[in-house]
Amino acid sequence: VQLQASGGGLVQAGGSLRLSCAASGRTGSRYAMGWFRQAPGKEREFVAAISWSDGRTYYADSVKGRFTISRDYAKNTVYLQMNSLKFEDTAVYYCAADHSSSAWPKTIMQEYDYWGQGTQVTVSS
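Calculation criteria
- Residues numbered from 1 in each chain as written.
- Predicted model: local features only at pLDDT ≥ 70, side-chain atom pairs only at ≥ 80, totals over all residues.
- Heavy atoms only, no water.
- Helix = DSSP H or I, 4+ residues; strand = E, 2+ residues; numbered from the N terminus.
- Buried < 20%, exposed > 50% of the residue type's maximum accessible area, 1.4 Å probe, protein only.
- Contact = heavy atoms within 4.5 Å.
- Core = buried A, V, L, I, M, F, W, Y, C linked by side-chain atoms within 4.5 Å.
- Phe/Tyr/Trp six-rings, centres within 6.5 Å; stacked < 30°, edge-to-face > 60°.
- Salt bridge = Lys/Arg side-chain N within 4 Å of Asp/Glu carboxyl O.

**Observations concerning the environment of Arg66**
Topologically, Arg66 is positioned in the loop between strand E6 (57-59) and strand E7 (67-72). According to the relative accessible area criterion, Arg66 is buried, its value standing at 10%. Residues Arg66 and Ser53, spaced 13 residues apart in sequence, show a C-alpha to C-alpha distance of 24 Å. The residues contacting Arg66, other than those within four sequence positions of it, are Gln81, Met82, Asn83, Ser84, Leu85, Lys86 and Asp89.

Below, the structure is given as structure tokens:
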């Protein structure tokens, strides 16, 4: 399974960006996909997750109400719509896929089997 993240960039505070993560390879056993982020000098943290089969979503408190995760089943792609961006949202954003367990929600890195390369999001204040 290969994951290709895109859509990052530079945006002013209050602006919006949409990240995409295109998956290739086997999909039949996929349970969930998620987004994580890592700011300089900080650990990677959970942002959002979506159940691949039924579209259930789960968010970190820090992004709830501002970010929306969605999936396009036919395109094998997951999206992260980010609105009302804040300076503290600045980070490298990574997408991930879980093919191991139906447990829900999935908020821990170790629960994901495959990772994309990351895309930089920079929010200017």
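**Let's talk about the environment of Met109**
Within the fold, Met109 resides in the loop between strand E9 (91-98) and strand E10 (114-115). With 102 residues separating them along the chain, Met109 and Gly7 place their C-alpha atoms 22 Å apart. Residues in contact with Met109, not counting those within four places in the same chain, are Phe36, Arg44 and Trp115.

**Re the nonpolar core**
By size, the foremost hydrophobic cluster in this structure holds 33 residues, and its most contacted members are Trp35, Leu80, Met82 and Tyr93. Listing elements by their share of this core, those giving two or more residues are strand E1 (2-6), strand E3 (17-24), strand E4 (32-38), strand E5 (45-51), E7, strand E8 (77-82), E9 and strand E11 (119-124).

**Some details on the packing of aromatic side chains**
For the structure shown, the criterion picks out six aromatic pairs. Between Phe36 and Tyr112, the aromatic rings sit 5.3 Å apart at their centres with planes inclined by 85°, giving edge-to-face as the arrangement. Here the residue Phe36 occupies a position in strand E4, and Tyr112 occupies one in the loop between E9 and E10, the gap between them amounting to 76 residues. Judged by relative accessible area, Phe36 falls into the buried class, the value being 1%. Linked through ring pairs, Phe36, Phe46, Tyr58, Tyr112 and Trp115 together constitute an aromatic cluster.

**Quick notes on the pattern of salt bridges**
What the rule picks out here adds up to six salt bridges. Across the pair Asp89 and Arg37 runs a salt bridge whose closest N-O atoms are separated by 2.9 Å. With Asp89 in the loop between E8 and E9 and Arg37 in strand E4, this residue pair connects regions lying 52 residues apart in the sequence. Through salt bridges that share partners, Arg37, Glu45, Arg66 and Asp89 make up one connected network.

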